[in-house]
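Below, each chain spelled out in residue letters.
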Amino acid sequence: MGNPDIAYPLWPPLTAGCPTTSTDEIAYPVEVDYDYDRVPPGLFEHATGTGLDRWAPLLPPLTAPGLAEGGTPLVEIADGAFVKDEARNPTWSHKDRLNRCTVSAALGAGADGIVVASSGNHGASAAAYATRAGLKCVVLTSAETPPAVTSFLRAYGAVVLTVPPEARWPLLRRIVAETGFHPVSNITTTHTGHAFGPEGYKTIAYEIFTELGVPAAVFAPTGYGELLFGVWKGFAELARLGVAMTTPRMFACEPAAGGPLARSLAEGRPAAEVEVAQTAAYAINSKVSGYRPVAAIRASGGRALLVDDAEMTRAQHDLARAGLWYEISATAGLAGFRQAREQEEFDGPVVCIATSSGFKDIGVGTQRPEPVDPRWDVVRRHLQSSGIAC
C-alpha cells in the first residue's frame, strides 16, 4: 500500500508488510488485489452459500473449513441507527471473519500450525479455526486474559503461553523462525497485520449493503484499524464494481486512553506510537497504529474519534437494556456515533459495528449471586425495591 504500482505473487503470503517500501520507521501493509472484471455479474443479488463462502469470488482462496461465520444481524436500535451484531459469530466476535482467511493462508502456505499474540478475541478465534483445519495453534497471551477467552483456548486445545506483554511479539517472531508456523498476528513494529485478514472483514460491508444499502457512516471500534479498513475496502469494491453509487464515511472509535490513529492523522503521518493509560477497553487499547486505517479515513472523508470509558460504559448499558450485551470495547462504535452526532448530522442511516460478546470482558464470570431468603415478605421487599408493584 506504500506504492500501489508494486505487486507481488499471492503465494507465499507476505506477513511482514511490503519489503520494498517499508522502512525502519514504518512498515507498509500489502493487500490482496483481484481481477474485478471476472467477478460474476449479479453476485450481490444472487449470492449463494453460507458464511464467507457466499462471497468467495472476492476473497482469497478459502482453503480452511468454515464455521458458518458471518451473516450476522443488523439490529435497529434507534431511528436510522443500526448495530451490526458481530457477537453472533461462532466464537462470539468479528475475528472469525479474519481467521477464516488467515488460517486459509496458513494451509495454502503448507504450514503445520499458526501462532498468534492475543489476550482476547483474536486468540480464541484463531484457535477455533486452526483446530478445525487440523493445524496446531500457539497463543501468546497475558495474565489479564478474560475467563471466557481462557475457556475457549482450553476447549480448542491451543498451546497457551502466558508471558509479559512486551515479550509477546519477539517470541512470536522467534516461534515463526524456529517452527515454520504461520503468523496470524502482526510481526512488524508499526502495524501491518496479515494481508488476508481485512479481506474477511470486507464481508461486513457486503452484508450491510445487501440489507440496508450504503449507510451514511460506519462507526467501528478501532485498535489497529484492520476492521475499519476491511469494511471500507468492501464498500469501495461495491462502488468499483458499479453495484453501489456511493461509499460511507468511516469513523474510527479509539479509546481516549491511547489513540495512535488519531495522532497519526493529526500529524499527517502514516502511523504513530503513543503511550497508553489504563482503560476497561483492553481489546482495542493499542500503542501503535498502521497505515491501513489512515488510508480508509482519508479516502472516505471520515474521522478518528476518541471515546472514554464513561462514554463506552453508557453505550454498553444502553445496548444491554435493548437486549444486546457486548464487551465494553465493542461498544466504542455507538459511543463514537453519539459523540459525532453532537457535532454534525448524518444524511441517512448509520451503522455501529459491535465486535464481541459481553462474556469477553475482564471480570465476567468471577462474581456469584447473593442468596435470597425465599420467604414471601423478603422476596416482596426485593421486588418492590426494584419498582415492581405487588
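Residues numbered from 1 in each chain as written. Predicted model: local features only at pLDDT ≥ 70, side-chain atom pairs only at ≥ 80, totals over all residues. Heavy atoms only, no water.

Under an unreviewed UniProt entry, the protein has the name Pyridoxal-phosphate dependent enzyme and belongs to Saccharopolyspora elongata. Turning to the protein, the UniProt record has this under Cofactor (unreviewed entry): "pyridoxal 5'-phosphate". (UniProt positions renumbered as here; feature names shortened; annotations may be inferred.)

A.B. asks: Help me out: how do you make sense of a nonpolar patch on the surface in this one?
C.D. replies: A grouping of Trp92, Trp325 and Phe359 is seen on the molecular surface, where their side chains present a nonpolar patch of about 290 Å² in accessible area. Counting through the fold element by element, phenylalanine 359 comes out in the loop between strand E10 (350-354) and helix H12 (376-385). Residue classification places phenylalanine 359 among the partly exposed positions, given a relative accessible area of 40%. (Patch = residues over 30% accessible without salt bridge, like charges linked within 9 Å, V, L, I, M, F, W, Y side chains within 5 Å. Areas by Shrake-Rupley, 256 points an atom, 1.4 Å probe, with all protein chains shown as cover. Salt bridge = Lys/Arg side-chain N within 4 Å of Asp/Glu carboxyl O. Helix = DSSP H or I, 4+ residues; strand = E, 2+ residues; numbered from the N terminus. Buried < 20%, exposed > 50% of the residue type's maximum accessible area, 1.4 Å probe, protein only.)

A.B. asks: Which parts of the structure should I look at to understand the environment of tyrosine 34?
C.D. replies: Topologically, tyrosine 34 is positioned in the segment before helix H1 (43-46). Residue tyrosine 34 is classed as buried on the basis of its relative accessible area, which comes to 15%. As a C-alpha pair, tyrosine 34 and leucine 59 span 25 residues in sequence and 8.5 Å in three-dimensional space. Contacts of tyrosine 34, omitting those with residues within four sequence positions, involve Pro57, Leu58, Leu59, Pro60, Glu199, Lys202, Lys233 and Glu237. (Contact = heavy atoms within 4.5 Å.)

A.B. asks: Can you help me understand the packing of aromatic side chains in this one?
C.D. replies: Ring pairs (aromatic) are described by centroid distance and by the angle formed between their planes. Here the structure, examined in full by the defined rule, presents 15 aromatic pairs. Ring plane angle 20 degrees and centroid distance 5.8 Å describe the contact between phenylalanine 152 and tyrosine 156, whose orientation is recorded as stacked. The buried category is assigned to phenylalanine 152, whose relative accessible area is 11%. Three or more aromatic residues link up through ring pairs in this structure, and these residues are Trp92, Phe152, Tyr156, Trp325 and Phe359. (Phe/Tyr/Trp six-rings, centres within 6.5 Å; stacked < 30°, edge-to-face > 60°.)

A.B. asks: Is there a simple way to explain the side chain of glutamate 254 in this structure?
C.D. replies: Tracing the sequence through the fold places glutamate 254 in strand E8 (residues 249-255). One buried charged residue, glutamate 254, forms no salt bridge at all, with the nearest opposite charge on arginine 263 at 9.3 Å. (Lys, Arg positive; Asp, Glu negative; His and termini not counted.)

A.B. asks: Which parts of the structure should I look at to understand the pairing of strand E2 (residues 81-85)?
C.D. replies: Consecutive side chains of a regular strand alternate in pointing toward one face of the sheet and then the other. Summarising burial for E2: five of the five residues are buried, a large majority. Burial along E2 is two-sided: Ala81, Val83 and Asp85 facing one way and Phe82 and Lys84 facing the other are all buried. Where strand E1 (residues 74-78) lies against E2, four bridges are found, and the strand directions are antiparallel. Within the sheet, the bridge partner assigned to valine 75 lies in E2 and is valine 83. What sits between the antiparallel neighbours E1 and E2 is a turn of two residues, in which glycine 80 has the positive phi angle 85 degrees. Pairing analysis gives five bridges linking E2 to E10, with the strands arranged parallel. Counted as the bridge partner of valine 83 is cysteine 352 from E10. (Pairing = 2+ DSSP bridges.)

A.B. asks: Help me out: how do you make sense of the pattern of salt bridges in this one?
C.D. replies: Two side chains carrying opposite charge are able to pair once their charged atoms lie near each other. Applying the stated criterion across every chain, the model contains 19 salt bridges. Across the pair glutamate 237 and lysine 202 runs a salt bridge whose closest N-O atoms are separated by 3.0 Å. On the criterion of sequence distance, the pair formed by glutamate 237 in helix H7 (residues 226-240) and lysine 202 in helix H6 (residues 197-212) is long-range, its members being 35 residues apart. Here the two residues glutamate 237 and lysine 202 agree in accessibility, since each one is buried.

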